[in-house]
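# Per-entry structural report
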Amino acid sequence: MVLIRIGAPRDVDAMHHIGRESGPAPSLPGGVAGLKRDLGAYLGVADGEQLFIRAIDADDIRNEHGVPWLVVYGVSANTRAFWSLATARRVLGYTPTEDSELVFADQVRQWVTDPVSGAPGRLG
């Protein structure tokens, strides 16, 4: 049995942070810590599909004690990842390709740029 602890499958750019589609740069309801957490826990669709397929198709997930039980984290290859993918990579051959920092670069730039001066550093 493989237990997958899913990170944040929702779009980081959805209402959770933006709250509106136009107008001044949005505030961060969860603050900087919430943004960093969401970026670190992001699971892209393609990476999620790959992880679940590999978990289903795995030939042998037994640990060094012979126990057929595996817990892995379901996150992409995020720059700010705070969970280890070592077990999923080693046992399942999981090779995530997405990084939330790249996927959401434009949105992050909006969130941390002063809308008036265009200077970086404006947060929440």
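Everything below is about the structure printed above this text.
Thresholds, definitions, all that
Residues numbered from 1 in each chain as written. Predicted model: local features only at pLDDT ≥ 70, side-chain atom pairs only at ≥ 80, totals over all residues. Heavy atoms only, no water. Buried < 20%, exposed > 50% of the residue type's maximum accessible area, 1.4 Å probe, protein only. Helix = DSSP H or I, 4+ residues; strand = E, 2+ residues; numbered from the N terminus. Pairing = 2+ DSSP bridges. Phe/Tyr/Trp six-rings, centres within 6.5 Å; stacked < 30°, edge-to-face > 60°. Lys NZ or Arg CZ within 6 Å of the ring centre and 35° of its normal.

## Quick notes on the pairing of strand E2 (residues 70–74)
The alternating pattern of E2 places Leu70, Val72 and Gly74 on a buried face, while none of Val71 and Tyr73, on the opposite face, is buried. Relative to E2, strand E1 (residues 2–6) runs parallel, the two being bridged by 5 bridges. Looking at E2, one finds that isoleucine 4 is bridged to valine 72.

## Comments concerning the packing of aromatic side chains
What the rule picks out here adds up to 3 aromatic pairs. On the numbers, 5.1 Å between centres and 90 degrees between planes, the contact of tyrosine 42 with phenylalanine 104 is edge-to-face. Separated by 62 residues along the polypeptide, tyrosine 42 in the loop between helix H1 (31–41) and helix H2 (45–57) and phenylalanine 104 in the loop between helix H4 (100–103) and helix H5 (105–111) bring together distant segments of the chain. The class of tyrosine 42 is buried, set by a relative accessible area of 5%. Seen in terms of ring centroids, tyrosine 73 and tryptophan 83 are 4.9 Å apart; in terms of plane orientation they differ by 10 degrees. Their pairing is stacked. Of this pair, tyrosine 73 sits in strand E2 while tryptophan 83 sits in the loop between E2 and helix H3 (86–92); the two residues are 10 residues apart in sequence, bridging distant segments of the chain. Here arginine 5 stacks its cationic end above the ring of tryptophan 83, 5.9 Å away from the centre of that ring.

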